[in-house]
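Results of the structural survey
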2 protein chains.
Amino acid sequence: MRERTKGRPGPEQASELTTNRLSIYLRCLDHLSGAGVRTISSQSLAAQFGLNAAQIRKDLTWFGEFGVRGVGYSVDGLAAHLRQILGLGDPIRIAVIGAGNLGQALADYPGFPRDGFVPVALFDRAAAKIGKHSRGGVPIYHMKRLPAIVRKEGIRIALVAVPAPSAQQVANAAVAAGLRAILNFAPGTVSVPPGVKVKNVDLTVSLEGLAYHLANAAHAKTQ
Amino acid sequence: MRERTKGRPGPEQASELTTNRLSIYLRCLDHLSGAGVRTISSQSLAAQFGLNAAQIRKDLTWFGEFGVRGVGYSVDGLAAHLRQILGLGDPIRIAVIGAGNLGQALADYPGFPRDGFVPVALFDRAAAKIGKHSRGGVPIYHMKRLPAIVRKEGIRIALVAVPAPSAQQVANAAVAAGLRAILNFAPGTVSVPPGVKVKNVDLTVSLEGLAYHLANAAHAKTQ
DNA sequence: CTGTGTGAACCCCTTCACAGCG
DNA sequence: CGCTGTGAAGGGGTTCACACAG
């Protein structure tokens, strides 16, 4: 907050809920851009995608003033701003640790490259898999080569798709290899040193939440 | 404790954040039970797993009084209560719609049966896949057979693992087949009628959140 | 004396409402 | 006149602190 001028809040104060929504806004804008829409108001953006107009404006305020009063936002212009805020300039190279069914499916998932995340390496400990490739052509390396490959390939994010008991040590290895961002698919929590960010995709929690809904459907709300 | 007096809040008021945490508590308790722990206080449960003791107690309060003052909670007893609250009595049969790499990996994911969710069917529209099985032996049916198989197999939850453009119509089909709980892996939102619950696993939002962290790591918090 | 259950305080996020700019 | 940017109000969720049960 030192060099920040008083008026502008600055990115370091935006909550994770806000930044998650930026991804959603970006997706909506790309959609609109593909449909040829050039300009949009927070109002109609909210109406079309089930969002809240005031929240869109407030979320954006943390990072600057991107709109034109009386008009709205430039679809392509705002999308470019959001990409810059989210650090999506060049494609981001990612690795998948754990070359089981799930790991290989993630490495070959076509949605990732489309969104600017390129899987360039799989890692595993099973000798039988080392040196092979996923169906989509992502090479499988031994875990011990993680630091070297991370450096050589410019990998920035690790996806952890190993059984729960191995998740912590795999995360440790990722951190030791210099990675600062981990997407963890293993159930449970992994702890990491300050400065490293972990996001969890906890399928058990999601499914049990649905089970709860089924068990209490009589009075539950929809969403 | 007896019946529903006005004092007891009741399950219909617990928020989704609370019920998600119940899953986590259950996982911790199973861990402790496996380690032979018979009794635990909210205090030490919180300390061991990085939770907040007051929050654990408050979360549980929505559903009853499960603890013993001065002692704590019975590990197995509380786990049994949570399982009942979450509707985890018998194994819950699930279907995966979309027999691509991701869909098949989900159908064969060993963590699901372990947690009481049994994939019994895959669905797809590609003629080449119909009649085959996943590596793990889950049969692949044509989408048009969804209603019949759902009924015959007692399927309760659909996992949607199809490309984004098909997600909405697949969700519609799932609802039409009588399903009331959907776990959606396709990017974007699907809308469903009241009474149907959708949870989204949005990998793009997660990855872009990590990208944001990488771009702003200088002042970002750890977790 | 220990640890639960719980009102109250606190804090953050969401939503409202409007001043003011284009 | 329309829509953004934004202080203020509102609503929830989290954390505190303590009465009280065992």
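Let's talk about the interface of chain A and chain B
Facing the 62 residues of chain A at the interface are 64 residues of chain B. Buried surface at the junction of chain A and chain B, summed over both partners, amounts to about 5,800 Å²; 64% is from carbon and sulfur atoms. For the interface between chain A and chain B, the tally reads two salt bridges. For the salt bridge of R27(A) with D202(B), the shortest nitrogen-to-oxygen distance reads 2.8 Å. Our count for the contact surface shared by chain A and chain B stands at 14 residue pairs in polar contact (both at pLDDT 80 or more). Among the secondary structure elements, those contributing two or more residues to the side of chain A that touches chain B are α1 (16-34), α5 (101-107), β6 (155-160), β7 (181-184), β8 (197-200) and α9 (203-215) of chain A. By residue number, the principal contributor to the side of chain A that touches chain B is α9(A), which donates 13 residues.

Quick look at the domain arrangement of chain A
In terms of domains, chain A is made up of domain 1 (11-85) and domain 2 (92-206). Between the C-alpha centres of domain 1 of chain A and domain 2 of chain A the distance comes to 31 Å.

Comments concerning helix α1 (residues 16-34) of chain B
Between its first and last C-alpha atoms α1(B) spans 28 Å; for 19 residues at 1.5 Å apiece the expected length is 27 Å, and the two agree. Of the positions making up α1(B), those classed as buried are T18(B), T19(B), N20(B), L22(B), S23(B), Y25(B), L26(B), C28(B), L29(B) and L32(B). Buried residues in α1(B) make contact with α9 of chain A together with β1 (39-40), α2 (42-49), α3 (53-61), α4 (75-85) and β8 (197-200) of chain B. For α1(B), the N-terminal capping position is held by S15(B), with its side-chain oxygen 3.3 Å away from the main-chain nitrogen of L17(B). Where α1(B) ends, the next residue or the one after it, G36(B), has phi of about 90°, a positive value.

Digging into the sheet that holds strand β7 (residues 181-184) of chain B
Residue and element names in this part refer to chain B. Taking strand neighbours across the sheet as the criterion, the six strands line up as β5-β4-β3-β6-β7-β8 in an open arrangement whose pairing is parallel. Looking at which strands have only one partner, the edges of the open sheet turn out to be β5 (140-142) and β8. Neighbour-to-neighbour, the strand axes of the sheet open up by a mean angle of 30°, direction not taken into account. Of the strand pairs in this sheet, strand β3 (residues 92-97) and strand β4 (residues 117-124) are connected by six bridges, and their pairing is parallel. Paired with I92 across the strands is F117, a residue of β4.

Here is what the cut-offs are and how they apply
Residues numbered from 1 in each chain as written. Chains lettered and ligands numbered in written order. Predicted model: local features only at pLDDT ≥ 70, side-chain atom pairs only at ≥ 80, totals over all residues. Heavy atoms only, no water. Contact = heavy atoms within 4.5 Å. Buried area = accessible area lost by both parts, 1.4 Å probe. Salt bridge = Lys/Arg side-chain N within 4 Å of Asp/Glu carboxyl O. Polar contact = N/O pair within 3.5 Å; in protein donor to acceptor, adjacent residues only side chain to side chain. Helix = DSSP H or I, 4+ residues; strand = E, 2+ residues; numbered from the N terminus. Domains from an automatic or database assignment. Expected span 1.5 Å × (residues − 1). Buried < 20%, exposed > 50% of the residue type's maximum accessible area, 1.4 Å probe, protein only. Pairing = 2+ DSSP bridges. Axes fitted to C-alpha atoms, helices over the stretch in contact; angles between N-to-C directions.

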